[in-house]
Amino acid sequence: MYILVSKKRGGIYAVKNKSGLRTVTIFESYDDAVRYHGLLEAEDFDDSLEVTEVDAKIIEQNCSIYGYNYCYVESNDIVFPPT
C-alpha cells in the first residue's frame, strides 16, 4: 500500500472536508499513487510530496489515534484530488 508524504513537513497528505475532518488516501497501486501525485502537481499543490510504501494497518492505527479518516483506493478505482 502507498500514501503521499510531505518531504518538507514529514506529515502524511490528507484531504480536509468542509467540516474540517481529514482523510488519508491509501493507494493499493503504486502507479495510482504516482498518478494522483501528478494531478496534485498539475494543480500547483504547494508542498513537496513523495509516494511512500506503508503498512496499511499502521496508517489505520495512526488515523484512529489522531482522529483522521482513511480510505482505500483499489487498483480499479479512479480518484481526483479536490480543486
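Structure shown above.
Throughout this document, residue positions are counted from 1 along each chain, in the order its sequence is written. Only residues with pLDDT of at least 70 get local features here, since the model is predicted, and only at 80 or more are side-chain atom pairs given and counted; chain-wide, interface and lining totals rely on the full set of residues. To get the side-chain values, take all heavy atoms of the structure and skip hydrogens and water.

(A) Representation of the packing of aromatic side chains. Whether two aromatic rings pair depends on their centres lying within 6.5 Å, for rings of Phe, Tyr and Trp, where Trp uses its six-membered ring; planes under 30 degrees apart make the pair stacked, over 60 edge-to-face, and the rest tilted. For the structure on display, the rule yields four aromatic pairs. Between Tyr2 and Tyr30, the ring centres sit 5.4 Å apart and the planes meet at 70°, which makes this aromatic pair edge-to-face. Taken together, the residues Tyr2 in strand S1 (residues 2-6) and Tyr30 in helix H1 (residues 30-42) connect sequence positions 28 residues apart. Buried residues are those whose accessible area, probed at 1.4 Å on protein chains only, stays under 20% of the maximum for their type, while exposed residues exceed 50% and partly exposed ones sit between those limits. For Tyr30, a relative accessible area of 43% puts it in the partly exposed group. Aromatic ring contacts, followed pair by pair, group Tyr13, Phe27 and Tyr36 into a single cluster. For helices the rule is a DSSP run of H or I covering at least 4 residues; for strands it is a run of E covering at least 2, with both sets numbered from the N terminus onward.

(B) Summary view of the layout of surface pockets. Of the pockets and cavities examined, the largest pocket occupies roughly 350 Å³. Using a grid of 1 Å spacing that covers the protein atoms alone, one calls a set of points a cavity when a 1.4 Å probe fits there but cannot get out, and a pocket when the set is open and has protein on both sides within 12 Å along at least five of seven lines; lining residues are those with an atom within 4 Å of a point. In this structure, the largest pocket is lined by 19 residues; those nearest its centre are Ile12, Tyr13, Ala14, Val15 and Arg22. Among the elements that make up the lining of the largest pocket, the one with the highest residue count is helix H2 (residues 56-66) (four residues). Lys, Arg, Asp and Glu make up the charged group, whereas Ala, Val, Leu, Ile, Met, Phe, Trp, Tyr, Cys and Pro make up the nonpolar group; the residues left over, Gly among them, are polar. Residues that form the lining of the largest pocket fall into these classes: twelve nonpolar, three polar and four charged. Grid points are joined across faces, edges and corners, and a volume is the space filled by probe spheres set on the points.

(C) Empty space enclosed by the protein, seen in detail. In total, this model carries one cavity of 30 Å³ or more according to the counting rule given. In this structure, the largest cavity encloses a volume near 30 Å³. Lining the largest cavity we find His37, Leu40, Glu41, Phe45, Asp47 and Leu49. For the lining of the largest cavity, the leading source of residues is H1, giving three residues.

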